[in-house]
Amino acid sequence: MQKSRITRSEPDEHGHWGKFGGRYVPETLVAPLEELTKEFMRAREDTKFWRELNQLLRDYAGRPTPLFHAQRLTAHAGGAQIYFKREDLLHTGAHKINNALGQALLARRMQKQRVIAETGAGQHGVATATVCALFGLRCVIYMGAEDVRRQALNVFRMRLLGAEVVTVNAGARTLKDAINEALRDWVTNVHDTYYLLGSALGPHPYPLIVREFQSVIGREAREQILSASGRLPRALIACVGGGSNSIGLFHTFIGDEQVRLIGVEAGGRGDLLGEHATRFHSSAASGGGRVGVLQGTMSYVLQDANGQIATTHSVSAGLDYSAIGPEHAFLHDTGRAEYISASDAEALEGFELCAKLEGIIPALETSHAIMPAIRLTRELPKDDAIILNLSGRGDKDVQLVADLQRR
Amino acid sequence: MSRIRETFAALKHLGRGGFIPFITAGHPDVATTELLLSELAAVGADIIELGVPFSDPVADGEVIQRASERALRNGVTLRDALTCIARARQNIDVPIVLFSYFNPLLKFGEDRLAEEAKRAGVDAVLVTDLTPEEAQTWTEKLIQRGLDPIFLVAPTTSDDRLAQIAKQARGFIYAVSRAGVTGARDQLTSDAAALVKRVRAVTDLPVAVGFGVSTAEQVREVWRFADAAVVGSAIVSQIEKLGGSPDLTNRVGDFARSLLA
């Protein structure tokens, strides 16, 4: 593996980070993706666009989010200081609203009246339904049947917000299948429909767009930690499904060589293919460590020996996905970021610990980063700091956790 | 001259349109696919497209999705599809296009695929989710081994891109009749004829039209403005309905023949 010290991470004009990324789609989608790329590049240089987005982020979503010193969790761990970046405090309860607002403004610039989106845990679906309500756009959300079952509260929220929720019964009935169905809708309705993709994956320009809109997390966090502790943190840690909250936190720090970037994948309930969502896991039976193409982008993809995409398992719907965003694949191969995993059981342990010690109930996705963060701080001196991205709140998971505890 | 070029030259000479049926490899099982290849050739297919089943067929409608799922449940692989073709090749001379999503080919190995596809008697390869921008080395590998890379064009494709695509393509251009996934539609839209006209302005390659072509009437309509009609979901749907019946092969053959009536 090549281990060059990179200080920046930008794709080429076709959306490639090294060999990763790109645009692997049916021909019909090329034109709308090019149109979206052009509009995004124009918006990116447009101060009016950013003024409007920043105002919405502040007045509607609730930015900036605080950087909270989690002192009791720090004391419990007994090592370096743990800070939470409180994305859970945003309107709709997770970082997803950052991207949804940005892309809704793009949809409006492109004069699209209909917005579609996929959702796993339902947080991106809720964020999309919310911004569509705000902008008066028609909204259709695709969600796997298994996720509809385990995230019933979010389904109800989306419907309250005026969105149509379409249950997807194909495949494993989770996030991957919802994305397939959203892509099929888009390919059919390209003329009037905006596809508001929720994670840093899919064909170019989506990984770039989502990262740009989520990078506000890291920009704020860098300023906040410098003003709180007078120096950069030793490490950042965040859960990684497709990878939007983690890339949002990491990106600003890529040039800060002394800051370790640590992504936590869903270890699920075992090492075998189908039992986890650890795309970088390279043991022979795991199905990980394999480069492939899924849903428009080249990255690490869990798959069998014949190139069929594997199903995944995670207690958290938001991490239950077979591929990882292409920029993460690039950061992994260049050695700039590290990727570890936490099992379902560890995630539940982190969930309960965070609730009891800090009075914060984190999303099950976010919970994957908590036990690894504790282990990490124990290896570090007490006057060092780490930032954990508290990407979402756990209200949506309370029923599921109650069911699991009863078993 | 490639078998595909010969076929289109012959069609032109005869002054008739070409018929290109599509079936999914291993649907309902590998042995039947092998029989179907011969049957379709016998009833008048000018070219046959054989689909490699994939777990995440984003360009396909429900009929072909179900066919893929069925084949994958039977454990059908790309290797099985090639074996099928190699066996059928002993009896038939009709050109065969391997139709696949990119990931199974990538996993198989691009060089190895090009080599083994050629050996099995494949004439061309169409990769649904591989655009010319990402396909350059892949295209070269196919051409080196005498295989034709086929590309899709869509009503949304700009004239500039049509020219780019035509430069990389060999054999024929596959024009997608309308924005959407595969599957039967009651009517062809005017998009298809307009697209074919735009393609003709940039290349001499023959043009086949597919996606939504499902009746004899629609086949005849396509022939009025294009060189060949591709029928997929309508045939796959017959195979699904007849699944397990002892005379499946003959009856699918009858259905295919009826499309040419």
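These remarks concern the structure in this document. These numbers come from a predicted model, not from an experiment.

On a plain count of helices and strands, chain B comes out with twelve helices and eight strands. Taking 2.2 N^0.38 as the reference for a compact globule, 261 residues should give roughly 18 Å; the C-alpha atoms of chain B span a radius of gyration of 17 Å, in line with that estimate. Each principal axis of the C-alpha distribution contributes one length, and for chain B these read about 50 × 40 × 35 Å. Split into buried and exposed, the 261 residues of chain B put 62% on the buried side. For chain B, the proportion of contacts with a sequence separation of at least 24, taken over those separated by at least 6, is 73%. Accessible surface for chain B amounts to roughly 10100 Å². Of this, 47% is attributable to carbon and sulfur atoms. On chain B, the mean spot of the 29 positive side-chain charges and the mean spot of the 33 negative ones are 2 Å from each other.

Counting 101 residues, the largest nonpolar core has Leu106, Met158 and Tyr195 of chain A as its most contacted members. Structurally, this core is a two-domain feature, drawing no fewer than three residues from each of domain 1 (16-59 + 96-211) and domain 2 (62-93 + 215-406) of chain A. Excluding residues that lie within four positions of it along the chain, Met158 of chain A makes contacts with Thr119, Gly122, Gly125, Val126, Ala129, Ile141, Met143, Ala163 and Val165 of chain A. Residues Leu37, Leu105, Phe151 and Ala166 of chain B belong to the second largest nonpolar core, which totals 70 residues.

The subject of this paragraph is the interface of chain A and chain B. Facing 34 residues of chain A, the contacting portion of chain B comprises 35 residues. For the chain A and chain B pair, buried surface summed over both sides reaches about 2700 Å², with 54% attributable to carbon and sulfur atoms. Of all residues in chain A, Glu27, Arg184 and Gln308 of chain A bury the most surface against chain B, accounting for 26% of the area lost on that side. Note that Lys176 of chain A and Asp56 of chain B form a salt bridge whose closest N and O atoms lie 2.6 Å from each other. Applying the counting rule to chain A against chain B returns 19 residue pairs in polar contact (both at pLDDT 80 or more). Among the secondary structure elements, those contributing two or more residues to the side of chain A that touches chain B are helix H1 (30-44), helix H8 (175-188) and strand S11 (291-294) of chain A. Considering each element in turn, the side of chain A that touches chain B owes the most residues, six residues, to H8 of chain A. For the side of chain A that touches chain B, the residue count by class is 15 nonpolar, twelve polar and seven charged.

Now for helix H4 (residues 96-109) of chain A. Residues and elements named next belong to chain A. Look at H4: 20 Å from first C-alpha to last across 14 residues, which is about the 20 Å you get at 1.5 Å a residue. Counting buried positions over the 14 residues of H4 gives twelve, a clear majority of the element. Three or more residues of H4 are buried, namely Lys96, Ile97, Asn98, Asn99, Ala100, Leu101, Gly102, Gln103, Ala104, Leu105, Leu106 and Ala107. Trailing H4 by a residue or two, Gln111 shows a phi angle of about 60°, which is positive.

Another aspect to go through is the sheet that holds strand S4 (residues 124-127) of chain B. Residue and element names in this part refer to chain B. Taking strand neighbours around the barrel as the criterion, the eight strands line up as S1-S2-S3-S4-S5-S6-S7-S8 in a closed arrangement whose pairing is parallel. Across the sheet, the mean angle separating the axes of adjacent strands is 25° when strand polarity is ignored. For strand S1 (residues 18-24) and strand S8 (residues 228-231), the ladder comprises four bridges, and the chain directions are parallel. Note that in S8 the partner of Ile20 across the bridge is Val230. Of the strands in this sheet, S4 and strand S5 (148-153) touch helix H7 (residues 136-144), which is tilted by about 140° from S5.

Cut-offs and rules
- Residues numbered from 1 in each chain as written.
- Chains lettered and ligands numbered in written order.
- Predicted model: local features only at pLDDT ≥ 70, side-chain atom pairs only at ≥ 80, totals over all residues.
- Heavy atoms only, no water.
- Helix = DSSP H or I, 4+ residues; strand = E, 2+ residues; numbered from the N terminus.
- Rg over C-alpha atoms; globule rule 2.2 N^0.38 Å.
- Buried < 20%, exposed > 50% of the residue type's maximum accessible area, 1.4 Å probe, protein only.
- Contact = heavy atoms within 4.5 Å.
- Areas by Shrake-Rupley, 256 points an atom, 1.4 Å probe, with all protein chains shown as cover.
- Lys, Arg positive; Asp, Glu negative; His and termini not counted.
- Charge placed at Lys NZ, Arg CZ, Asp CG, Glu CD.
- Core = buried A, V, L, I, M, F, W, Y, C linked by side-chain atoms within 4.5 Å.
- Domains from an automatic or database assignment.
- Buried area = accessible area lost by both parts, 1.4 Å probe.
- Salt bridge = Lys/Arg side-chain N within 4 Å of Asp/Glu carboxyl O.
- Polar contact = N/O pair within 3.5 Å; in protein donor to acceptor, adjacent residues only side chain to side chain.
- Nonpolar A, V, L, I, M, F, W, Y, C, P; charged D, E, K, R; others polar.
- Expected span 1.5 Å × (residues − 1).
- Pairing = 2+ DSSP bridges.
- Axes fitted to C-alpha atoms, helices over the stretch in contact; angles between N-to-C directions.

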